[in-house]
Amino acid sequence: MLSVAVTLSAVALTVALAGLIPAGAALTVVGLAAAARAAVLLVRVRAGRGRVPGWHRPVAAGLVLSGLSTAAAGAADVVAPHVLFPDVPLAAELPLIGLFFVAGTFLAGLFHLPGQAATYVGRIRRLIDGVGIGILLFFVAWLLVFEAAGLKGAGLTAVLVASVAVGAAVVGTLRAAPLQPGALLRGLGVLVTIIAQTALILILDYHLAPGWLLLAGVPLAAGPLLAGRVLPAGVAVEAPGTVTPDGSFARYPLLALPMAGALVAAAYHLVVVGHLDEPSALLAIVGVLLVAVREGLAVADIRQYTRWLAEREARFRALVAGSADVTMMLDDAFVVRWQSPAAARRLGLADADVIGRPLLDRVHPDDAHAAGTALAAGAVLVEARIGDGFGIWRETEWSVSDQRGDPSVRAVVVHVRDISQRRQLEHALRQAARSDHLTGLANRTELGRRLGERTAPGVLIVLGLDGLSSVNQLRGHEIGDAVLVEAARRLRAALGPGEVAARLTGDKFAVLTAGGAVHAQMTASRLLTLLSDPYPVLGVSSHLSASAGLAEHTAGGGADSALAKAELALQRARQLGPAQPPQWYDEATAALLRRRLMIEQDLPGALARGELDLVYQPVVELPSGRVAGVEARPRWRRSGLGPVADAEFLPVADQLGLHLELGAWLLSAAGRQLAAWGGAGPAGSPLWLALPVSPALLGQGGLVDLVGATGFPASRLVVQFAVPDPEQPGLIDHLAAVRTLGARTALEGFGVQAASLSLLRRLPLDLVRVDRHTFAGADTAVVAAVVNLARQLGVDVSVDGVRDDDELRTVTAAGCRLAQGPLFCGPSVAERFEAYLDTQRAGR
């Protein structure tokens, strides 16, 4: 429709200039085209097409009225003088009526643009600004031009209305320009349309030549096109911005220049003419009244604005004063120009210490460069240490907001938050995750991380404290913990630069050295000596021994692999006995590791494959030598492993969770074999059967249920277990439950040390088994005393591994009632052992 309207207007004006049609006819075409264009705009506004701000409806309606009045004026100029009323010039009055409507609707539309006053009082003051400007401008024009020209009638009215409308349009456009895209262009279209409409009225009123009509037709066609543009999609209707409470406080004196011009024109007129006529005086009075009303409203507006600012500042101060953050405002050089009261409360910084000085002067020297670079780069989050008023470096976090472009702020706003406590908590959490809570040494996880970060080869030493469990049993865990703390202190004091000490488990420590094998060997020997010294803690002295295993660690090697190798070497050192030198991981140890991995891989399913059987060894009475009982031990035959003793695979079964399955098989198989041999042994009393029980089966309480489920005669069962972990929960209760069934309990690996004697008193036992080496390395009187103590407690003593008659005489002299070993019969399969029983029965 726009192109059609422009084309019709251009054709009509061109034809009229050629003299082919009257000027009034061309003006009619221009007016109708503009009205049609405005009608289309109004339809689009109602349909919601495009981005339509609220000002478009009145502007569109004004454009329709402007076009229709222009068309009516052109038609009246052509028709009325010749047909209707030859003596009455209607052409000027018709556009004058249209001018009133056009000015009103245009101004209503302009005062809907963003940036105008938000309240009706403010809009009234804005309207008074425009009317005042228009009156003053008309006053100047009247004194200098129109009074002498004798302007009157429709022309005078049109000029007065146009002056007021132009003044108001200028005010509305200037207010909307910063916030509304295209506001200046639309304001220009309104001004062009009003001025062209006024010029049309003057041309018709003064009966000027038809060519003047055509000259007025051009802006009449162009003005509506500028004023009636609809915003395209994607263009913001209102730009963001903050206005005053009513949006009307003046940033510049609107009436100053028109008022000065009016005063100059009045003075000139008085000098030249000598007096003011009645219209001039009336215009001057109206202008003064408008200025007085306007200034009165401005004063009220300023007071309201002042109250609003005071309330806003009070809210701001309340928020800042109660905030835990310190707020600072910096200039372009990052010099502090203002700080919140929280600075003194949170950081002990007085205004005299900070304001007027660069913020970076209070930043730690190590952080100043990074903080300055971040501020200059516009970072929104900066971390740096700041010196407080007490000389302490505080860990702080800055939230930076660059508001130098905001006229009301014009500063870089920095919110400083003290995060010292948070950093301390994070450090404490990291330390807790990386260190042992009792000793303060690195834990296993931290040691693995350090091993992984090593870029140079080194040696890993794993140290074990032997006898710590006895300290816990005899003297309590408080003493045991104190011993561990003292051991850690000794390790920490003995290490050199670059060496790391860690606690792996209860009695195991590790040291990561940076030197070669010789240095590591010397370090391990020195640490063994330190850890073997007495521990005088909490008023008592504890004596422990120590063992060490070493393994080389290559740069980039696996941490778990190095730890596993060193722990295997430690295990080997412990097997060799106390007071042994540090043991290195070697191929033999590697073979043990590979064998252990094969056991872990093949043991599940061994029962299903029929690879497990039992071997039996008699337990004889002393000194008669008659068989009193049988020890049955499981044996595993696996291709690639050979015969595997129970001491080797039962711990693995516990780790793999196979203890219940193997325990049920052991009781069932041994029970069937015992039944097959008959009730009585060669001595005439019922044979009892000793079965090894793993710690997991005994500790979890599943043994009682298995005895009941398999139907094994409990009165002929001896539950045999190794020296247990004294911290194992429920151990005594489980042993008591086994004895309640009628079974007996036997402790393997019993010795003459204080720890073994304490177990003799604490645990519900019926039998203890002592290795023959105990007799070889101890005083006979001491052994006899231990045996006598066991008898007094109702516990039998059995000696394992008796090989010759000398050993037999020794254990018999000590008072031991039971014995077993190769001297009588070695471990045998069921058939061979049955033959041995038959021989014993025959020789009875």
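Above this text you will find the structure in question.
Keep in mind it's a predicted model, so treat the numbers as computed, not measured.

## Here's the deal with the overall build of the chain
Reasoning step 1: Helix and strand counts for the chain come out as 30 helices and 21 strands.
Reasoning step 2: With 844 residues in all, the chain has 46% of them scored as buried.
Reasoning step 3: Of the contacts made within the chain by residues no fewer than 6 positions apart, 68% connect residues no fewer than 24 positions apart.
Reasoning step 4: For the chain, the accessible surface area stands at approximately 39,800 Å², while carbon and sulfur atoms represent 61% of it.

## Structural notes on the packing of aromatic side chains
Reasoning step 1: Using the criterion set out here, one finds six aromatic pairs in the structure.
Reasoning step 2: Centre to centre, the rings of F833 and Y836 are 6.0 Å apart; their planes meet at 35°, and the pair counts as tilted. Separated by three residues within a single helix, F833 and Y836 lie in helix α30 (residues 830-842), roughly one turn from each other.
Reasoning step 3: The exposure class assigned to F833 is buried, which follows from its relative accessible area of 0%.

## A look at the side chain of E397
Reasoning step 1: In this structure, E397 sits in strand β4 (residues 393-403).
Reasoning step 2: A relative accessible area of 13% means that E397 is categorised as buried.
Reasoning step 3: Here the side chain of E397 touches R422 through a polar contact of 3.3 Å, side chain to side chain.
Reasoning step 4: With residues near it in sequence (within four places) discarded, E397 still touches L381, V382, E383, H415, V416, R417, I419 and R422.

## Let's talk about the nonpolar core
Reasoning step 1: In terms of nonpolar packing, the biggest core is built from 72 residues, with W636, F649 and L703 touching the most fellow members.
Reasoning step 2: For this core, the leading source of residues is helix α22 (residues 659-677), giving eight residues.
Reasoning step 3: For L703, the contacting residues outside a window of four places in its chain are L667, V693, L697, L698, V719 and V738.
Reasoning step 4: Formed by 30 residues, the second largest nonpolar core is a distinct cluster that contains I479, A494, A501 and F509.

## Thoughts on helix α9 (residues 256-272)
Reasoning step 1: For α9, with 17 residues, the first-to-last C-alpha span of 24 Å sits near the 24 Å given by 1.5 Å per residue.
Reasoning step 2: Here α9 has its buried residues at P258, A262, A265, A266 and H269. With its buried residues spanning 100° around the axis, α9 presents them on a single face. In α9, those exposed residues whose orientation departs by more than 90 degrees from the buried face are L257, L263, V264, Y268 and V271.
Reasoning step 3: Trailing α9 by a residue or two, G274 shows a phi angle of about 100°, which is positive.

## Here's the deal with the sheet that holds β4
Reasoning step 1: Spatially, five strands are ordered β2-β1-β5-β4-β3 in an open sheet, and the strand pairing comes out antiparallel. Of all strands in the sheet, those bounded by a partner on one side alone are β2 (336-339) and β3 (381-387). Taken pair by pair, the neighbouring strands of this sheet meet at an average axis angle of 30°, ignoring direction.
Reasoning step 2: Note: strand β1 (residues 326-330) against strand β5 (residues 411-418), five bridges, orientation antiparallel. Pairing of M328 across the sheet is with V414, part of β5.
Reasoning step 3: Where helix α13 (residues 365-376) meets the sheet, it contacts β3 and β4, and its direction lies at approximately 145° from that of β3.

## Some words on the sheet that holds strand β7 (residues 500-503)
Reasoning step 1: Judged by pairing direction, the sheet is mixed, and its five strands sit side by side in the order β7-β8-β6-β11-β12 without closing on themselves. For this open sheet the edge positions go to β7 and β12 (583-584), each flanked by a neighbour on one side alone.
Reasoning step 2: As judged from the four bridges shared by β7 and strand β8 (residues 508-513), these two strands associate in the antiparallel manner. Bridging from a neighbouring strand, A501 pairs with V511 of β8.
Reasoning step 3: Along the sheet, helix α17 (residues 477-494) makes contact with β6 (458-466), β7 and β8, crossing β8 at roughly 10°.

## Some points on the environment of R672
Reasoning step 1: Along the polypeptide, R672 turns up in helix α22.
Reasoning step 2: Owing to a relative accessible area of 57%, R672 belongs among the exposed residues under this scheme.
Reasoning step 3: In the structure, R672 is positioned 39 residues away from G711 in sequence and 9.8 Å away in space, judged by C-alpha atoms.

Reading the values: rules and limits
Residues numbered from 1 in each chain as written. Predicted model: local features only at pLDDT ≥ 70, side-chain atom pairs only at ≥ 80, totals over all residues. Heavy atoms only, no water. Helix = DSSP H or I, 4+ residues; strand = E, 2+ residues; numbered from the N terminus. Buried < 20%, exposed > 50% of the residue type's maximum accessible area, 1.4 Å probe, protein only. Contact = heavy atoms within 4.5 Å. Areas by Shrake-Rupley, 256 points an atom, 1.4 Å probe, with all protein chains shown as cover. Phe/Tyr/Trp six-rings, centres within 6.5 Å; stacked < 30°, edge-to-face > 60°. Polar contact = N/O pair within 3.5 Å; in protein donor to acceptor, adjacent residues only side chain to side chain. Core = buried A, V, L, I, M, F, W, Y, C linked by side-chain atoms within 4.5 Å. Expected span 1.5 Å × (residues − 1). Arc of directions from axis to C-beta. Pairing = 2+ DSSP bridges. Axes fitted to C-alpha atoms, helices over the stretch in contact; angles between N-to-C directions.

Fair warning: the whole summary comes from geometry, so function is off the table for now.
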